[in-house]
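Observations on the model geometry
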Amino acid sequence: MARDEFDALFRQLCRDRLPGPVRRSQRATAAGLVRSGEVVAMGRPWDSVPGPDNRRPALHQMTELADVTAPEPTVHKDFIASDYHGKSQTHLDALCHVAYRGLLFAGVRAREVLSSQGASYGAVTDLLPGLVGRGVLLDVARLRGRDWLEPGEAVGGPELLACADEQGSPLGPGDILLVRTGHLARRRRLGAWDADDLSAGLHPSAMRVLEESQASALGGDGDSDARPSPVNGVHSPIHVLAVTAMGLPLIDNMDLEALAETCARTSRWEFLFVAAPLNIPRATGCPVNPLAVF
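Residues numbered from 1 in each chain as written. Predicted model: local features only at pLDDT ≥ 70, side-chain atom pairs only at ≥ 80, totals over all residues. Heavy atoms only, no water.

1. Some details on the overall build of the protein
The secondary structure content of the protein amounts to nine helices and 15 strands. Compactness check: the protein gives a C-alpha radius of gyration of 19 Å against a globular reference of 19 Å for 294 residues, within 12% of the reference. Counting across all 294 residues of the protein, residues that qualify as buried make up 49%. Of all intrachain contacts in the protein linking residues separated by at least 6 positions in sequence, the fraction that spans at least 24 positions is 77%. Carbon and sulfur atoms provide 53% of the accessible area of the protein, an area that totals close to 13500 Å². Computing the positive centroid from 30 side-chain charges and the negative centroid from 36, the protein places the two 4 Å apart. (Helix = DSSP H or I, 4+ residues; strand = E, 2+ residues; numbered from the N terminus. Rg over C-alpha atoms; globule rule 2.2 N^0.38 Å. Buried < 20%, exposed > 50% of the residue type's maximum accessible area, 1.4 Å probe, protein only. Contact = heavy atoms within 4.5 Å. Areas by Shrake-Rupley, 256 points an atom, 1.4 Å probe, with all protein chains shown as cover. Lys, Arg positive; Asp, Glu negative; His and termini not counted. Charge placed at Lys NZ, Arg CZ, Asp CG, Glu CD.)

Shown next, in the form of structure tokens:
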């Protein structure tokens, strides 16, 4: 996709106001999808081990052990920290996270609302109390009859619609769409690689499907972007279109393997989706452990 073609798509998808949270009636309908009570977690483990896809490992260290604690009861304390906007930590991207040509969602100048103190616009707290609604897994790897898509492969809009049709899960307003490429299946079989250079994901044109279906959020087992980028000069075009143009929160680096197994076993590709962001004022996102409830 040429840069001018991408910019035209950006203008077509651009909104001047947020699509709004999932309505109460939509959440109530999604709650009606719960039948067995089975819960599948989609957060990846806290990763403190350096690797090709984990350049800035998360921190976890003990700050107090029982051997230095006063008499009973003894306690144990620890400290955690994460530079989570990477390729290893499951996290939520807030609307202040991505700027394009210096502008955030709705044309707000990034330099006017972001500083060393954080964001005064589009922070993750704006997503509270959380993302709750009908989740739909679009298992593209399964549709292609493969364990995973190879890094660099891009998924177009027609394939997303074909996946929804084959699964019997038509897309609707307020849906939280999760796209499985098999990223973690490949990583567990073949080892880690630098997903910042090579990753399977969506082609920019696929975002028209999310616009037409009025999706409320997008998640993936990578960060939803195909790399190398199909757009020259734009490293993460899906981030630009979703966050900056459409005002959609992104959930990156999800573990969708157990979810895919559950969906295939139950022949159900829709479920109640729940993800509560941490209440961190002025933050550009946060680690999260999304849940699918069947």
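2. Describing the environment of S82
Its place among the elements puts S82 in the loop between β3 (77-81) and β4 (91-93). Residue classification places S82 among the partly exposed residues on the basis of a relative accessible area of 23%. Sequence spacing of S82 and A242 is 160 residues, and the spatial spacing of their C-alpha atoms is 24 Å. In this structure S82 touches W46, A58 and Q89, once residues within four positions along its chain are discounted.

3. Topic: the sheet that holds strand β14 (residues 285-287)
Strand order in this open sheet of nine strands is β1-β15-β13-β7-β9-β11-β12-β4-β14, and the pairing throughout is mixed. Looking along the sheet, the strands with just one partner apiece sit at the ends: β1 (39-41) and β14. If you compare each strand with its neighbour and ignore which way they point, the axes differ by 25° on average. Bridging between β4 and strand β12 (residues 250-252) involves three bridges; their strand directions are antiparallel. Following the sheet pairing, D93 is matched in β12 by L250. (Pairing = 2+ DSSP bridges. Axes fitted to C-alpha atoms, helices over the stretch in contact; angles between N-to-C directions.)

4. Some points on the packing of aromatic side chains
The full count for this structure, using the stated rule, is three aromatic pairs. With 5.7 Å between their ring centres and 85° between their planes, F6 and Y100 make a pair best called edge-to-face. With a gap of 94 residues between them, F6 in helix α1 (residues 3-13) and Y100 in the loop between β4 and α3 (110-113) connect regions that are remote in the sequence. Side by side, F6 and Y100 carry an identical accessibility label, which is buried. Note on F10 and Y100: the rings are 5.3 Å apart at their centroids and 50° apart in plane angle, and the pair reads as tilted. Pair noted here: F10 is in helix α1 and Y100 is in the loop between β4 and α3, with a separation of 90 residues, a long-range link. Its relative accessible area of 14% is what places F10 among the buried residues. (Phe/Tyr/Trp six-rings, centres within 6.5 Å; stacked < 30°, edge-to-face > 60°.)

5. Details of the packing of α1 against helix α8 (residues 237-245)
Contact pair α1 / α8: the axes reach a minimum separation of 9 Å and the direction vectors enclose 25°. Taken together, the axes of α1 and α8 are roughly parallel relative to one another. For the crossing formed where α1 meets α8, the hand is right-handed. Together, F6, L9, F10 and L13 of α1 and P237, V240, L241, T244 and A245 of α8 make up the contact between the two elements. (Parallel < 35°, antiparallel > 145°, perpendicular 65-115°, else oblique. Left-handed = near helix turned anticlockwise from the far one by under 90°.)

6. Here's the deal with helix α5 (residues 157-167)
Looking at α5, one finds that the buried residues are G157, E159, L160, C163, A164 and Q167. The buried residues of α5 occupy one face: seen down the axis, they fall within an arc of 165°. Projecting away from the buried face of α5 at angles above 90 degrees are the exposed residues P158 and D165. The inward-facing, buried residues of α5 abut β7 (131-139), α4 (140-143), β8 (154-155), β9 (176-180), β10 (201-202) and α7 (207-213). Two residues or fewer after α5 comes G168, characterised by a positive phi angle close to 70°. (Arc of directions from axis to C-beta.)

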